[in-house]
Amino acid sequence: MPSSKGKPITILMADDDEDDRILTQDALEESRVRNTLYCVEDGVELLEYLRREGKYADPATSPRPGLILLDLNMPRKDGREALKEIKADPELRNIPVVILTTSGQEEDKIKGYNLGAASFITKPVNFEGLVELMKALGKYWIEFVELPNE
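Residues numbered from 1 in each chain as written. Predicted model: local features only at pLDDT ≥ 70, side-chain atom pairs only at ≥ 80, totals over all residues. Heavy atoms only, no water.

**Description of the nonpolar core**
One finds L46, L50, I68, L70 and I86 to be the most contacted residues of the largest nonpolar core, which totals 22 residues. If one sorts the elements of this core by residue count, helix α2 (residues 43–50) sits on top with four residues. Non-local contacts of L50, meaning those with residues more than four positions away in its chain, are made with L12, P65, I68, I86, L92 and I95. If you look at the next biggest cluster of nonpolar residues, it comprises 18 residues, including I9, V98, L100 and L133. (Core = buried A, V, L, I, M, F, W, Y, C linked by side-chain atoms within 4.5 Å. Buried < 20%, exposed > 50% of the residue type's maximum accessible area, 1.4 Å probe, protein only. Helix = DSSP H or I, 4+ residues; strand = E, 2+ residues; numbered from the N terminus. Contact = heavy atoms within 4.5 Å.)

Okay, structure coming up:
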């Protein structure tokens, strides 16, 4: 199976904080990472997007992500519950999930990795830190990691 190495990937961000979503989009643009970012507001929407349900039914406007950025603390269905469902679903479990959260609790790190997260990253406290993080994520997930085709 050909890899996506070196090609831009679709990133799906699940985060209930609109400011964090906007800042992440701005940081991706600032870092010149060529990936496309789609956003959902909670774990319920995340799973609807991934399963192509409701307003996410059209693959042209809701492409399968090559990477998920997941906040833990969201309404309706939090990131832990969503991660558990993603990794239990044979159609979704191969999508890498990076937990990107304000939580630095050891318990959240352990649970995240036990549920199948590829990485756990505490959100940077300023925009410059977020830009650097997006550069590093872009470099790692595009240039080094080999993902299956979407």
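**Describing the packing of α2 against helix α3 (residues 79–88)**
Across the interface, α2 lies against α3 with an axial gap of 9 Å and an inter-helix angle of 20°. By the criterion of interaxial angle, the relationship of α2 to α3 is roughly parallel. The chirality of how α2 crosses α3 is right-handed. Contacts between α2 and α3 pair G43, L46, L47 and L50 from the former with A82, E85 and I86 from the latter. (Axes fitted to C-alpha atoms, helices over the stretch in contact; angles between N-to-C directions. Parallel < 35°, antiparallel > 145°, perpendicular 65-115°, else oblique. Left-handed = near helix turned anticlockwise from the far one by under 90°.)

**Remarks on helix α5 (residues 127–144)**
The end-to-end C-alpha distance of α5, which contains 18 residues, comes to 25 Å, matching closely the 26 Å that a straight helix rising 1.5 Å per residue would cover. All of the buried residues in α5 are L130, V131, L133, M134, L137, G138, W141 and I142. Viewed along the axis of α5, the buried residues span an arc of 160°, placing them on a single side of the element. Opposite the buried face of α5, by more than 90 degrees, sit the exposed residues E128 and F144. The opening residue of α5, the one whose side-chain oxygen lies 3.4 Å from the backbone nitrogen of E128, is N126. (Expected span 1.5 Å × (residues − 1). Arc of directions from axis to C-beta. Polar contact = N/O pair within 3.5 Å; in protein donor to acceptor, adjacent residues only side chain to side chain.)

**As for unusual backbone geometry**
With phi around 55°, R52 is a residue other than glycine that occupies positive phi space. Within the fold, R52 resides in the loop between α2 and β3 (67–70). Within the chain, R76 stands out as a residue other than glycine whose phi angle is a positive 65°. Secondary-structure assignment places R76 in the loop between β3 and α3. Note on R76: relative accessible area 60%, which makes it exposed.

**Overview of the confidence of the model for the chain**
This prediction gives the chain a mean pLDDT of 83; 89% of its residues lie at or above 70. Element-level pLDDT for the chain is lowest in α5, with a mean of 78, against a maximum mean of 95 in α2. (pLDDT = per-residue confidence, 0-100.)

**Quick look at the pattern of salt bridges**
The full count for this structure, using the stated rule, is 10 salt bridges. Salt-bridge contacts for E85 lead to R51; the nearest nitrogen and oxygen are separated by 3.5 Å. Taken together, the residues E85 in helix α3 and R51 in the loop between α2 and β3 connect sequence positions 34 residues apart. A relative accessible area of 26% means that E85 is categorised as partly exposed. Using a relative accessible area of 35% as the deciding quantity, one classes R51 as partly exposed. A salt bridge links E85 to K77; the shortest N-O distance between them is 2.3 Å. Look at the salt bridges and you will find they share partners, linking D15, D20, D71 and K123 into a network. (Salt bridge = Lys/Arg side-chain N within 4 Å of Asp/Glu carboxyl O.)

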